[in-house]
Each structure stands twice: as C-alpha cells, then as structure tokens.
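An overview of the molecular structure
Now for the letters of each chain:
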Amino acid sequence: MSAIDLKTYWKAGLVALAVAFLYAVVIQRLTGHWWTDDNYSHGLLIPFVIVYIIWIRREAISALERSPAIWLGGSIVVVALGMLLAGSLGAELFVQRVSLLMMLAGLIVYFFGVQLYRALAVPFILFLLAIPIPQIIFNKVAFPLQIYASRFAVWGIRVFGVPTVRKGNVIEILPEGLVQVIALEVVEACSGIRSLMTLMALGLILVFFTRERDFVKPGSWAAFLTNRDFWRGLILMISAVPIAVITNAGRVTATGVLTYHYGIKATESTIHEVSGWLVYLIALLLLLGFNLVLKKILGKTPCSGDSAETQVLRSKAGPAAYWSLIAVLLTGGLFINWFENRGEVPVQREQLASMPSKLGEWNQKGDNIKFSEETEIVLKTSDYVMREYVRDGRLANVYVGYYASQKTGATYHSPQNCLPGSGWEMIKPEILQITTKSGRTFEANRYIIQNGKYKEVMVYWYQGRGRTQASEYYDKVYTVLDSVMRRRSDGAMVRVMTPVGGSEEEATEAAIELSASLSDDLSAFVPE
C-alpha cells in the first residue's frame, strides 16, 4: 500500500514472523492436504489468485480509509488464539485452519479497520473454500451426491438400452457376452464432490472478474443486498452443485455403457482417466455459459451513488499497538506450543486382543479379524480389535478402536465416514439409552445400514476417560477439556453390528444387550 512509512516495515515483519511461528504447523499440514487430496487440490492455486486480486486492486485498496479498530481486531485475534488452542488439543484440523483465517481477519481489522476487511471479502471467501471441511460433514455432502449421481447414471445407462441394477451407490452391469457382473462404485471422484469445491471457487472468481462494481461498498454492510453481481455470484456458486452432479453422472453413464460393450477394461483404461479431466472442462463451460445467462437476466447493477473508494485522510496504529499485538501473538504461540508439546499422563491398560471371549451371554466365534495394512494406515489406531460373537444362533460383529492420544491428528473414524459407499446406506438414525448391568446408563447411536435387500443394525458410541458419548461433537469438546485439565486425550470408538433378519426390533434389542455387556467390560482396555 502506498504512503506507508518505511520505518513501519520491520514492525509488520515482526507481526508476520509471530503469525508464522504461531501457525507454522497448521500451514504445513494445510498445504500438505492440498497436495495430496484431489478434492482440495485447487487450494494450491488459491494463494496466488488472492495475491493477484489484491495486486490489481492495490490502488483502490490504498485509497480506503485506514481507521484501526484496536479493540474489535484484538478481540478477533484472541478468539482465533482460543480456536487454535481448542483445535490443537482436540485434534480438529478444521478449527485450526479457520483460526488462521480469523487471525488474518483480526490483524486487518486491528491495523486497518473494518472497511479494508470488507474490501477483501472475496479473497477471504476464496480462502475459506480452500479449507477442507471436517470429514463427517464432508461425507454428509459427498454421500447424497454419490446417490444422486448413481440415480442419474442408471437412468442414462438404461437410455442406451443397457440393463443395470443400482445398489446404493454401486451400479451392477453384466457385460455383453459375459456371465460375471461388474460393479461400478460411484465413489467421491465420480459423485461430483471433487469438482464441486473447485467449481464453487471458480464461480466466485468468475463473478469477481466480470462484476460491474464491488459486492460491498463502504458505508453499509447491507449494501450488497442491492448488488446484482452479489446475487449472480451466489446463484452461480449454488449452481455448482447440480453442474457437478450432472457432469459426473454423465461420466458414469459413459463408463457404464463402455463397460457393457468392452468389459472391465473400460474402467481401467487411460480413457477413464482422461474422462475425469473432460468432466472438469464440460463443467467449466457450463459454468461460463450460465454466468452469461445470469448477466443477461439480472442486467447491470446501477452505479449511482457509488463514492466507494476515494482518497481520505489516514490514521495509523501507533507503536504501542504493534508491540501489544506482537506480545499477544508470541505469548499465545509459546502457550499453545507448550500445551501441544507437553507430555500426556501415561495410563495403564491391557491390550484389546485380550478382551473377554464371553460378553454376557455372547461367546466369541473364531479368531480376531484383522484389517488390511492399507486400512490400518488410514485408521491410525494405537490398538484395535474386531471379532464376531454369537448367541442363540445370532451373529454380531464387534469393533473397538483405541487411540492413546488424539493430539497429533490421529482420531476416531466415525462409521458415518467409513460405511457410506460400497453399496451401504445408513437409514433410520436413532439415539438409544443403554443401561449396563452395573447400573450405568449411556447414549449410543443406532442406524439401520443396508446393501440392497441385506440389512444390519449398527450401534456405536465413543468411550474413554470415564466418559461415554453418542455425539462425536460433544466428545471433541470433552477431549479438549480433558487434554487441558487432565492431560489426557485417549479414547475409543466402539461399534456393534448384527443382521436384521426378520425383525428390526429384535436385532436392535440384541445389539443393545451386547453393547451393554461390552461397555461394562471395556474399562481395563479403555481406561477411565
């Protein structure tokens, strides 16, 4: 920005170094996520886009009034520090990353005032769209998109005269002249979720560079409601959802038709990989076309009364503001790093492999079941056990995944993250009240999971540190509290599954009975 005293650069540098010290690990993990996760690979370009937007608007930005809001900005900074601490102790990456966004917002308000923050609204929204959302929320978005893409794809495949059967998000096709069915799983990559986040970001960028005037003009937060460009941007970003689903359903349709005529090689060839890029291109063209349509329909935003960015008298934050903020950032950084790096209280426990083979009236059947090495790497458990129990001819599957510490990012994998897909659907959610033989009562989640006509009752909960919770969110909160107060973040996710058979009620009662016996016997393996 122009007219900045060169003597203040070293102070700004100190603030930048303090922020870098505070968020070094968060930034490192975020860029690593962008590099390895195709759903958010557009995040690698977002910083460059933000810098470019700020650069081309540098003159307009420099003309804005600079009126530091010390108390408001300082409050935002303090809230950001609290979020960073909570996210670090609770192993919640999303909270840590949003904390970085809030910290940057707080610094802008602190030094330059609210008006400059409003002028940078688009870069902040772009940054937010590049932050990976929590996995449990991601799957609540991805799974419905998978189902919609599957339904559209099945309709499209049948239009071409290809017989097919859909089971959840799995499409079964019998290739022409063959006797073995090929199952096409509509995974996240084919559901539109990968292109969705990118398309939303592209929609915002497209509207920004084709706008008639700024979304937010100085003087009123509500002024954007009369801005047609704002509504065009909102509609365009929302349109990314059907565009992503339809284009990816088209990809699955083409794959299904080719599979019918050419067999499994149609799903493994280079053509299938190229089709992914073709989907992006078609989706982008649809987005561009829809933007032109919206511009015609909505017309231009009236520019009367726009006295937006005119040169005004500036005010600067004094030296005390710099030193106070630097002191807060460094103190907060030292405090948070101390909390993160301090050792946790060691707990004595037995290995889950030695869990009783008899739980109430249920008896173990067979040996412990092991996951594949790839699955174990994803789960990142410190210890786990999965085995089957039987009672009066009814079979049940039990899984307990224990984490000695959740501070490093290794944490529970909710069934809502892992089970959707592979043909499974989770329906009829319910919160159960389970009473153990010792008289303890706790809440657990119950779902009916189905794959085609096959159904099972699933009951799961989170247990550890003397707490038993159905809600993953409440468990996160208690993990943070216990990490601060008790220096412990260990715990386990416990799951019981049994076939529905002829009655959902009987299957649920059996799952409750086994869950009650299991929870009582876990204290030696999942310490209180």
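Residues numbered from 1 in each chain as written. Predicted model: local features only at pLDDT ≥ 70, side-chain atom pairs only at ≥ 80, totals over all residues. Heavy atoms only, no water.

A short note on the overall build of the protein
Stated formally: Runs of H or I in DSSP of at least four residues are treated as helices and runs of E of at least two as strands, each being numbered from the N terminus. Categorising residues by exposure relies on relative accessible area from a 1.4 Å probe, with only protein chains included: less than 20% of the type maximum marks a residue as buried, more than 50% marks it as exposed, and the intermediate range marks it as partly exposed. In what follows, residue pairs with any heavy atoms lying within 4.5 Å of each other are defined as contacts. Only the protein chains shown count as covering a residue, and every accessible area follows the Shrake-Rupley method with a 1.4 Å probe.
The helix and strand inventory of the protein stands at 18 helices and 12 strands. In the protein, which comprises 528 residues, the proportion classed as buried is 49%. In the protein, the proportion of contacts linking residues at least 24 apart, taken out of those at least 6 apart, comes to 73%. Entry remark: accessible area of the protein is about 25500 Å², with carbon and sulfur atoms responsible for 64%.

Looking at helix 17 (residues 472-485)
The line we're drawing: Helix span is expected to be 1.5 Å times the residue number reduced by one. Polar contact criterion, stated in full: a pair of N or O atoms within 3.5 Å, where within protein one must be able to donate a hydrogen and the other to accept it, and residues adjacent in sequence count only if both atoms are side-chain atoms.
End to end, helix 17 covers 20 Å across 14 residues, agreeing with the expected 20 Å (1.5 Å per residue, within 8%). Buried residues of helix 17: E472, D475, K476, T479, V480, D482 and S483, and no others. Taking the backbone nitrogen of Y473 as reference, a side-chain oxygen 3.2 Å away marks S471 as the first, capping residue of helix 17. Phi for R487, located one or two positions after helix 17, is positive at around 55°.

So, the packing of helix 5 (residues 93-112) against helix 7 (residues 121-129)
The condition is simple: Each axis is a line fitted through C-alpha atoms, taken for helices only over the stretch in contact, and angles between the N-to-C directions span 0 to 180 degrees. If an angle is under 35 degrees, it is roughly parallel; if it is over 145, roughly antiparallel; if it lies from 65 to 115, roughly perpendicular; otherwise it is oblique. Handedness of a crossing is defined here by the sense of rotation of the near helix relative to the far one, left-handed for an anticlockwise turn of less than a right angle and right-handed for a clockwise turn. Classification used: nonpolar for Ala, Val, Leu, Ile, Met, Phe, Trp, Tyr, Cys and Pro, charged for Asp, Glu, Lys and Arg, polar for all others including Gly.
Running from N to C, helix 5 and helix 7 point in directions that differ by 165°, and their axes come no closer than 10 Å. The orientation of helix 5 relative to helix 7 falls into the category roughly antiparallel. Considering the relative orientation of helix 5 and helix 7, their crossing is right-handed. Listed contacts from helix 7 to L100, L101, L104, A105 and I108 of helix 5 are F124, F127 and L128. Counted by class, the contact of helix 5 with helix 7 contains 8 nonpolar, no polar and no charged residues.

Considerations on the packing of helix 4 (residues 70-89) against helix 5
Orientation of helix 4 relative to helix 5, taken along the N-to-C sense of each, is 165°, at an axis distance of 8 Å. Taken together, the axis directions place helix 4 and helix 5 in an arrangement best described as roughly antiparallel. Crossing geometry of helix 4 relative to helix 5 is assigned as left-handed. Residues that form the contact of helix 4 with helix 5 fall into these classes: 16 nonpolar, 7 polar and no charged.

Quick look at the environment of A492
Summarising the element assignment, A492 is placed in strand 12 (residues 491-499). With a relative accessible area of 0%, A492 lands in the buried category. Note: C-alpha distance between A492 and R465 (27 residues apart in sequence) is 9.5 Å.

Brief notes about the pattern of salt bridges
Operational definition: The working definition used for a salt bridge is a side-chain nitrogen of Lys or Arg within 4 Å of a carboxyl oxygen of Asp or Glu.
A complete count under the given rule lists 11 salt bridges for this structure. Among the ionic pairs, R391 bridges to D392, the shortest N-O distance being 3.7 Å. When its relative accessible area of 74% is taken as the criterion, D392 is described as exposed. R488 is the partner of D490 in a salt bridge, and the nearest nitrogen-oxygen pair spans 2.9 Å.

Some remarks on the packing of aromatic side chains
Just so we agree on the cut-off: Each Phe, Tyr or Trp ring, with Trp reduced to its six-membered ring, pairs with another whose centre is within 6.5 Å; inter-plane angles below 30 degrees give stacked pairs, above 60 give edge-to-face pairs, and intermediate values give tilted ones.
Under the definition given, this model contains 11 aromatic pairs. On the basis of an interplanar angle of 90° and a centroid distance of 6.1 Å, the ring pair of Y460 and Y462 is categorised as edge-to-face. Both residues of the pair, Y460 and Y462, count as buried. Taken together, the aromatic side chains of Y52, F208 and F209 make up a single cluster linked through ring pairs.

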